[in-house]
Amino acid sequence: MTVLVTGATGNVGRHVVAGLLKAGERVRAMTRSPERASLPEGVETVRGDLADPASLDAALSGVDRAYLFPLPGTAEEFTARAVKAGVRRIVVLSSVAAEYADGDYSGDHHTAVERAVEASGAEWTHVRPGEFMANLLDWWAPSIRAEGVVRAPFGATRSTPVHEADIADVAVTALLEDGHAGKAYSFAGPESLAKTEQVRVLSEVLGREIRFEELAVEAARTLWLGQGMSAEAVDWLLQDPVDVPVGPTAERVTGRPARTFAQWVADHRADF
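Okay, so let's go over this structure.

Criteria and cut-off values
- Residues numbered from 1 in each chain as written.
- Predicted model: local features only at pLDDT ≥ 70, side-chain atom pairs only at ≥ 80, totals over all residues.
- Heavy atoms only, no water.
- Buried < 20%, exposed > 50% of the residue type's maximum accessible area, 1.4 Å probe, protein only.
- Helix = DSSP H or I, 4+ residues; strand = E, 2+ residues; numbered from the N terminus.
- Arc of directions from axis to C-beta.
- Contact = heavy atoms within 4.5 Å.
- Salt bridge = Lys/Arg side-chain N within 4 Å of Asp/Glu carboxyl O.
- Core = buried A, V, L, I, M, F, W, Y, C linked by side-chain atoms within 4.5 Å.
- Polar contact = N/O pair within 3.5 Å; in protein donor to acceptor, adjacent residues only side chain to side chain.
- Pairing = 2+ DSSP bridges.
- Axes fitted to C-alpha atoms, helices over the stretch in contact; angles between N-to-C directions.
- Phe/Tyr/Trp six-rings, centres within 6.5 Å; stacked < 30°, edge-to-face > 60°.

### Digging into helix 1 (residues 13-22)
Residues Gly13, Val16, Val17 and Leu20 constitute the buried set of helix 1. For helix 1, the angular spread of buried residues about the axis comes to 100°, placing them on one side. Against the buried residues of helix 1 lie strand 1 (2-5), strand 2 (26-31), strand 4 (65-68) and helix 7 (164-176). Gly24 sits one or two positions beyond helix 1 and adopts a positive phi of about 85°.

So, in structure tokens, the structure goes:
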């Protein structure tokens, strides 16, 4: 069996590749730049771009199952080409936003991909994590490295972020095991943490003082727009915050305890 991993060099994709290799599967990793992929030995790395469907046929040839990174603009064409090539099972990296958001920036993005895969005729499973811990690599790591500070709004609002390795473990389980077809797995991390508490954990694990500076909403908007975020994404992030309680975690699917935020920080020590 050959499994295609799209988005193979991403935060989740790399863990999907590693999990499939550990299970002894043949892994074909698709990336726009194979020469820079730095994937493990034993992975077949091929050139392909989800934004360019004409580049996909060679990557899909001989593939039985596929892990799909969400790109709504070409999801229908990807799935059509995949099924034509003989792909029987597709596992989608989606978002918990897809289950409750209609007309929502993130929800619409992921729902479009889910619907395309559901209509394809292939077996499908949707992996719907909540907030990624890995978002902090873009949002917080630069200012922590440069100044030892985190600047963000809504410091007291609680969330339940998920380790990217847990997301990948759910995807690998759905790719390799039977019994997951037609299911959508929404899950969160194992702890409800305020941003201020996340900063405290960062300080403790990294062994140095990191300050939290609360940003007003408009200051956050200016900062994020200046960092290149789209106005639509910024508006979505600055919606009135709601505390997120702990709910189901990846353990429901994998049978293994979900990884904590402290473990994630330790795993990414070099990034901070």
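### Section: the pattern of salt bridges
Scanning the model with the defined rule gives 19 salt bridges in all. A salt bridge links Arg36 to Glu35; the shortest N-O distance between them is 4.0 Å. Here Arg36 falls in the exposed class, since its relative accessible area comes to 62%. Residue Arg211 is joined to Glu213 by a salt bridge in which the shortest nitrogen-to-oxygen separation is 2.6 Å. Of the residues examined, Glu213 reaches a relative accessible area of 27% and is grouped as partly exposed. By sharing partners, the salt bridges in this structure join Glu147, Arg151, Arg211 and Glu213 into a single network.

### Re the nonpolar core
The nonpolar side chains of a soluble globular protein tend to be buried with one another. Judged by nonpolar contacts, the single largest core of 29 residues is most densely connected at Val5, Val16, Leu20, Tyr67, Ile167 and Phe187. Mapped onto this core, the elements with two or more residues apiece are strand 1, helix 1, strand 2, strand 5 (89-93), helix 7 and strand 9 (183-187). In terms of residue count, helix 7 provides more of this core than any other element does, seven residues in total. Excluding anything up to four places from it in sequence, Ile167 contacts Val12, Leu93, Val127, Pro129, Phe132, Val162 and Phe187. Residues Leu50, Val63, Ala66 and Trp124 belong to the second largest nonpolar core, which totals 21 residues.

### Side note on the side chain of Arg128
As for its position among the elements, Arg128 is in strand 6 (residues 123-129). One polar contact links Arg128 to Glu114, side chain to side chain, over a distance of 2.7 Å. Excluding residues within four positions of it along the chain, Arg128 makes contact with Ser94, Ser95, Val96, Ala98, Glu99, Glu114, Ala184, Tyr185, Ser186 and Phe187.

### Observations regarding unusual backbone geometry
For Ser38, which is not glycine, the phi torsion reads 50° and is therefore positive. Within the element layout of this structure, Ser38 appears in the loop between strand 2 and strand 3 (44-47). Phi at Phe154 is positive, roughly 60°, even though this residue is not glycine. For Phe154, the location among the structural elements is in the loop between strand 7 (149-152) and strand 8 (158-159). Since its relative accessible area comes to 18%, Phe154 is described here as buried.

### Considering the sheet that holds strand 9
In spatial order, the strands read 3-2-1-4-5-6-9; together these seven strands make up an open sheet with parallel pairing. The sheet is open, and its two borders are formed by strand 3 and strand 9, each paired with just one other strand. Averaged over all pairs of adjacent strands, the angle between their axes in this sheet comes to 20°, without regard to strand direction. Relative to strand 9, strand 6 runs parallel, the two being bridged by five bridges. Paired with Val127 across the strands is Tyr185, a residue of strand 9. Sitting on the sheet, helix 7 is in contact with strand 1, strand 4, strand 5, strand 6 and strand 9, with an inclination near 165° to strand 5.

### Considering the packing of aromatic side chains
All told, the structure shown has two aromatic pairs when counted by the stated rule. Judged by centre distance (5.8 Å) and plane angle (20°), the ring pair of Phe261 and Trp264 falls under stacked. Of this pair, Phe261 and Trp264 are both found in helix 12 (residues 261-267), three residues apart, which corresponds to roughly one turn of the helix. Considering the side-chain rings of Trp264 and Phe272, the 5.8 Å spacing of their centres and the 75° angle between planes classify their relative orientation as edge-to-face. Judged on exposure class, the residue Trp264 and its partner Phe272 are both buried.

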